[in-house]
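If you want the building blocks of each chain, they are given just below.
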Amino acid sequence: MRKNSTTHFPLPITAIAFKPEFLDFRRGIHVGNLEENERITRILKLALEARYRQGFVTERWGRGVFWQWIAFLPRADREAKPVSSRVSFGCSKFFISVETGEKLFKCGLQVERGYLKAPLPARECELRPDWDWHRLVKGLRPGSPVEKELRRLIRREGFSLFAGSWETEPSQFSRDDLPGVTQLRRMLDAAPGNHWAGFQLFYPMTEEEVRASTGVDLVESMLAVFGEVTPLMNLTMQVELKEG
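Here's what I pulled together on the structure shown here.

Parameters at a glance
- Residues numbered from 1 in each chain as written.
- Predicted model: local features only at pLDDT ≥ 70, side-chain atom pairs only at ≥ 80, totals over all residues.
- Heavy atoms only, no water.
- Buried < 20%, exposed > 50% of the residue type's maximum accessible area, 1.4 Å probe, protein only.
- Helix = DSSP H or I, 4+ residues; strand = E, 2+ residues; numbered from the N terminus.
- Pairing = 2+ DSSP bridges.
- Polar contact = N/O pair within 3.5 Å; in protein donor to acceptor, adjacent residues only side chain to side chain.
- Contact = heavy atoms within 4.5 Å.
- Salt bridge = Lys/Arg side-chain N within 4 Å of Asp/Glu carboxyl O.

## Quick notes on the pairing of strand 6 (residues 104-114)
- The element strand 6 is extensively covered by neighbouring structure, given that eleven of its eleven residues are classed as buried.
- Bridge count for strand 5 (residues 93-99) against strand 6 is seven bridges, and the pairing is antiparallel. Residue pairing in the sheet places lysine 93 in a bridge with glutamine 110 of strand 6.
- Count of turn residues in the strand 5/strand 6 antiparallel hairpin: four residues, of which lysine 103 carries a positive phi of about 55°.
- Here strand 6 pairs with strand 9 (residues 197-206) via ten bridges, running antiparallel. Counted as the bridge partner of leucine 104 is threonine 206 from strand 9.

Written as structure tokens, this is what we have:
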């Protein structure tokens, strides 16, 4: 994947003190007990807000010093939703994660479906008509802009794709086994309604690749990935991202 030459930083590169070892393949993403210029949540949020000239919301999965998954979603897209403006599940988002089982660092775009019928204590996790998920699924048709972006990112740029339920056998694809968009849509439609389901388009890095990089290299790569997936992300959102 080529680095994005238009990456903007709110701080001088020399002020970024993120380290490769903060991506821990046994415990997750190190975010606690760090200085502001070491914390990847702060670095990426500031950079995204500087690039797109709008506010972003940070979401995460994990607790304590190490988190497994961190996401950044445009606040304007969430606020535009007439039903779901107070929850982040319905929004397309940039994400990073450390998969300790797969020993992979993932960075890219995530769109969540949630539940078709949520348990009573989790009604906010149930798919609503204003979620970005509907635009993603509708766009999965032959010859569509969504198909063109998927082919570009996966077949040319080396991205990978996850589609379906996180509670069953994962459906993960790369350039060698990418299904057609019609088949992909059927897979998404077939995800059990009582399972949390979604879509991830991500650039994978092994532990060896992470360790061979500098902290600034990794930050640049994450922002470059976010730049690459932005055109597809815009196809799913109510409010598009535009560089300032």
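## Digging into the side chain of serine 97
- Looking at the element boundaries, serine 97 is found in strand 5.
- Within polar-contact distance, the side chain of serine 97 engages the side chain of glutamate 99 at 3.0 Å.
- Ignoring sequence-local partners within four residues, the contact set of serine 97 consists of Ile29, Gln68, Trp69, Leu104, Phe105 and Lys106.

## Concerning the pattern of salt bridges
- Going through the model one piece at a time under the given rule, you end up with 16 salt bridges.
- One salt bridge in this structure joins aspartate 132 and lysine 81, with 2.9 Å as the shortest N-O distance. Residue aspartate 132 is found in the loop between strand 6 and helix 3 (133-139), and its partner lysine 81 is found in the loop between helix 2 (75-79) and strand 5; the two are separated by 51 residues along the sequence.
- Lysine 81 sits in the buried class, given a relative accessible area of 2%.
- In this structure, glutamate 147 and arginine 151 form a salt bridge, with 3.6 Å as the shortest nitrogen-oxygen distance.

## Considering the pairing of strand 3 (residues 56-63)
- The pairing of strand 3 with strand 4 (residues 66-74) spans eight bridges and is antiparallel. Bridge pairing in strand 4 links glycine 62 to tryptophan 67.
- In textbook terms, the turn of a hairpin is the stretch between consecutive antiparallel strands, and for strand 3 and strand 4 this stretch comprises two residues, one of which, glycine 64, has a positive phi near 75°.

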